[in-house]
Amino acid sequence: MPAVATAAAPTPPFTAEHEAFRAEVREFVAAELRPHAAEWEAACWFPDSVFAACAGRGYLGLKYDDRFGYLHDAVFAEELARCGSGGLAAGIGAHASIATPPVWKFGTAEQKARFLAPAIAGELVGALAITEPDAGSDVAGIRTRARRVDGGWVVDGAKTFITNGVRAGFYVCAVKTTEDGGHGGLSFLLVEPGEGVRASALAKLGWHASDTAEIGLSEVFVPEEHLLGEVNRGFYLIMANFQWERLLMALGAVGSMRAAVEKLTSPEAGLGPRGRARVAEVAVLLAAGEAVTYHALRLFASGQDAVREVTMAKLQTQRACVSVHDACLDLLGDDDPEIARAWRDARLGPIGGGTDEIMREILGKTLGL
């Protein structure tokens, strides 16, 4: 007789080792992050010591450690969703899993020593600077320009909605290095704060604890050794980075939905027949999100082409997460500020990392449409 699956069994593609790591991360989030969520949301900021605390547990460099890898980082992303603040999770995730991967994958030994090593140690915060006032999901439309000068580059332009933008010790900055820019004229520079760099905090509907900024770049000199990867090959760096960013957003949505369903199915919820029927519907959304996301994760972690599957996961989970938190707010009310925050923070999902419209366009191309 085949073995019967139980709720306690590890969820593929995770092993017992990953589940033990999950328990460790969940304990850390519950003890060190969640108790401060309301305070940090009110302050619209969380202290840099959070990065140091995560670094002390080894959480900021999981992908770069031979003992761990993408699956451990995936567990970390899911469990961060339980911290009680989408902005807090975004700030940590943007540093550890969005800003530093390009340095790890494309950086020189000197760049890794200067930027990646202190970032993993929680001593230097990174920010990925791609989005511009007139170029978000359409990265080929980037206007920020870097022109060659003796010894390096001079950068002029603007970036917006940059997570960790105010506190950043370095920006992984997309620039056009030809007159026309576009797919064949983009490059990446590692830009440090200093003369000509202006960072201004932005007010937002959600993600209040997140440091989100508009960055002005005026005659900023960047030395030649801070070119990341090959000149005019930045579009490929962007595409490589987007896959993990989008998969992380799907994983975060799965973690958020799971926590919401747990709240809805707890005895304290006290739901009647209508409520129980609504919870049954959102439980299906969660199960579908887990299935499509974990399938994409398996492919990605094994080095296979997973553009279609990652795109599907990102598209499905973000709207599903909004629906789950709509149900949570509708059935449980907004007396618990954490419920209201989760409902509000979920709204960014269909926008960040590539809008739903862009996901549909990419998916259509992979389907030959």
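Just so it is clear, the structure is predicted and the values come from calculations on it, not from any experiment.

Conventions we followed
Residues numbered from 1 in each chain as written. Predicted model: local features only at pLDDT ≥ 70, side-chain atom pairs only at ≥ 80, totals over all residues. Heavy atoms only, no water. Helix = DSSP H or I, 4+ residues; strand = E, 2+ residues; numbered from the N terminus. Rg over C-alpha atoms; globule rule 2.2 N^0.38 Å. Axes fitted to C-alpha atoms, helices over the stretch in contact; angles between N-to-C directions. Parallel < 35°, antiparallel > 145°, perpendicular 65-115°, else oblique. Left-handed = near helix turned anticlockwise from the far one by under 90°. Contact = heavy atoms within 4.5 Å. Nonpolar A, V, L, I, M, F, W, Y, C, P; charged D, E, K, R; others polar. Phe/Tyr/Trp six-rings, centres within 6.5 Å; stacked < 30°, edge-to-face > 60°. Lys NZ or Arg CZ within 6 Å of the ring centre and 35° of its normal. Core = buried A, V, L, I, M, F, W, Y, C linked by side-chain atoms within 4.5 Å. Buried < 20%, exposed > 50% of the residue type's maximum accessible area, 1.4 Å probe, protein only. 1 Å grid on protein atoms, 1.4 Å probe; cavity = no way out; pocket = protein on both sides within 12 Å on 5 of 7 lines; lining within 4 Å. Points joined across faces, edges and corners; volume = space filled by probe spheres on them. Bend = angle between axes of the 7 residues up to and from the residue. Polar contact = N/O pair within 3.5 Å; in protein donor to acceptor, adjacent residues only side chain to side chain. Lys, Arg positive; Asp, Glu negative; His and termini not counted. Salt bridge = Lys/Arg side-chain N within 4 Å of Asp/Glu carboxyl O. pLDDT = per-residue confidence, 0-100. Pairing = 2+ DSSP bridges. Patch = residues over 30% accessible without salt bridge, like charges linked within 9 Å, V, L, I, M, F, W, Y side chains within 5 Å. Areas by Shrake-Rupley, 256 points an atom, 1.4 Å probe, with all protein chains shown as cover.

**Q** What should I look at first to understand the overall build of the chain in this one?
**A** Of the regular secondary structure elements, the chain holds 12 helices and eight strands. In terms of overall dimensions, the chain is globule-like: its C-alpha atoms have a radius of gyration of 21 Å, near the 21 Å expected for 369 residues.

**Q** Honestly, the packing of helix H4 (residues 70-80) against helix H9 (residues 273-301) in this entry has me stumped. Any pointers?
**A** Interhelical geometry of H4 versus H9 gives an angle of 150° and a closest axis separation of 10 Å. For the element pair H4 / H9, the angle class is roughly antiparallel. Of the two elements, H4 crosses H9, and the hand of that crossing is right-handed. Here Tyr70, Leu71, Ala74 and Glu78 of H4 lie close against H9, whose contacting residues are Tyr294, Leu297, Phe300 and Ala301. A breakdown of the residues in the contact of H4 with H9 according to their chemical character gives seven nonpolar, no polar and one charged.

**Q** Explanation requested: the packing of aromatic side chains in the structure shown.
**A** Geometry of an aromatic ring pair is reported as the spacing of the ring centres plus the angle between the planes. One pass over the full model with this rule turns up 13 aromatic pairs. Among the aromatic residues, those joined into a ring-pair cluster are Phe21, Phe28, Tyr59, Phe68 and Phe76. The aromatic ring of Phe14 is capped on one face by Arg22, whose charged end is 5.1 Å from the ring centroid. Lying across the ring of Trp45, Arg167 places its NZ or CZ 4.0 Å from the centre.

**Q** I'm lost on the nonpolar core in this one. Help?
**A** Judged by nonpolar contacts, the single largest core of 61 residues is most densely connected at Leu33, Phe76 and Ile92. Those elements that place two or more of their residues in this core are helix H1 (16-33), helix H3 (49-56), H4, helix H5 (86-99), helix H8 (234-264), H9 and helix H10 (307-332). Residues contacting Ile92, with those up to four places away along its chain left out, are Leu33, Phe46, Val50, Phe51, Cys54, Leu60, Phe76 and Leu80. Judged by nonpolar contacts, the second largest core, of 22 residues, contains Ile98, Leu128, Phe188 and Phe235.

**Q** Sorry, what's going on with the layout of surface pockets here?
**A** Empty pockets left among the atoms are what a rolling probe the size of a water molecule brings to light. Of the volumes computed, that of the second largest pocket is approximately 400 Å³. In this structure, the second largest pocket is lined by 16 residues; those nearest its centre are Phe235, Met239, Ile358, Ile362 and Lys365. Listed by contribution, the elements that provide at least two residues to the lining of the second largest pocket are H8 and helix H12 (356-366). Looking at the lining of the second largest pocket residue by residue, the classes come out as eight nonpolar, four polar and four charged.

**Q** How do you make sense of unusual backbone geometry when you look at a structure like this?
**A** With the exception of glycine, most residues fall at negative phi, and the peptide bonds are largely trans. Phi at Asn164 is positive, roughly 70°, even though this residue is not glycine. Locating Asn164 in the fold gives a position in the loop between strand E3 (152-163) and strand E4 (170-176). The exposure class assigned to Asn164 is buried, which follows from its relative accessible area of 0%. A positive phi angle, near 55°, is found at Glu219, a position not held by glycine. With respect to the helices, strands and loops of the structure, Glu219 is situated in strand E7 (residues 212-223).

**Q** Help me understand H5, please; the structure alone is not making it clear to me.
**A** At 3.6 residues per turn, the α-helix brings residues three or four places apart onto the same side. At Gly93, H5 shows its maximal kink, close to 40°. Most of H5 sits inside the fold, with 13 of its 14 residues counted as buried.

**Q** I tried to follow the side chain of Thr212 on my own but got confused; where do I start?
**A** The topology assignment puts Thr212 in strand E7. Only 3.4 Å separates the side chain of Thr212 from the side chain of Lys204, close enough to count as a polar contact. A distance of 3.1 Å separates a polar atom in the side chain of Thr212 from a polar atom in the side chain of Ser210. Contact partners of Thr212, with chain neighbours within four places excluded, come to Phe161, Ile162, Thr163, Ser200, Ala201, Leu202 and Lys204.

**Q** When you look at the side chain of Glu309 in this model, what are you seeing that I'm missing?
**A** Tracing the backbone through its elements, the reader meets Glu309 in helix H10. Of the side chains with opposite charge, Arg308 comes closest to the buried, unpaired Glu309, at an N-O distance of 5.2 Å. Those residues within four positions of Glu309 in sequence are excluded, and the remaining contacts are His295, Ala296 and Leu299.

**Q** Whenever I open this one, the confidence of the model for the chain confuses me. Can you help?
**A** Interpreting fine coordinate detail is not advised for predicted regions of low pLDDT. Of all residues in the chain, 96% attain a pLDDT of 70 or more, and the chain-wide mean is 93. Overall, residues 1-8 carries pLDDT values under 50, and its contacts beyond four positions in sequence, including any with other chains, amount to zero contacts.

**Q** Even after reading the chapter, I still don't get the pairing of strand E5 (residues 186-191), so can you show me in this structure?
**A** Residues in a regular strand project their side chains so that they alternate between the two faces of the sheet. For E5, the tally of buried residues reaches six of six residues, placing the bulk of the element in the interior. Every second residue of E5 is oriented toward a common face, with Leu186, Phe188 and Leu190 on one face and Ser187, Leu189 and Val191 on the other, all of them buried. When E4 meets E5, the two strands line up antiparallel, connected through six bridges. Bridged to Val172 within E5 is Leu190. Note: E5 against strand E8 (residues 227-228), two bridges, orientation antiparallel.

**Q** Help me understand a nonpolar patch on the surface in this model?
**A** A cluster of nonpolar side chains, Met312, Leu367 and Leu369, forms an exposed patch at the surface whose accessible area comes to about 320 Å². For Leu367, the position within the fold is in the segment after H12. The exposure class assigned to Leu367 is partly exposed, which follows from its relative accessible area of 46%.

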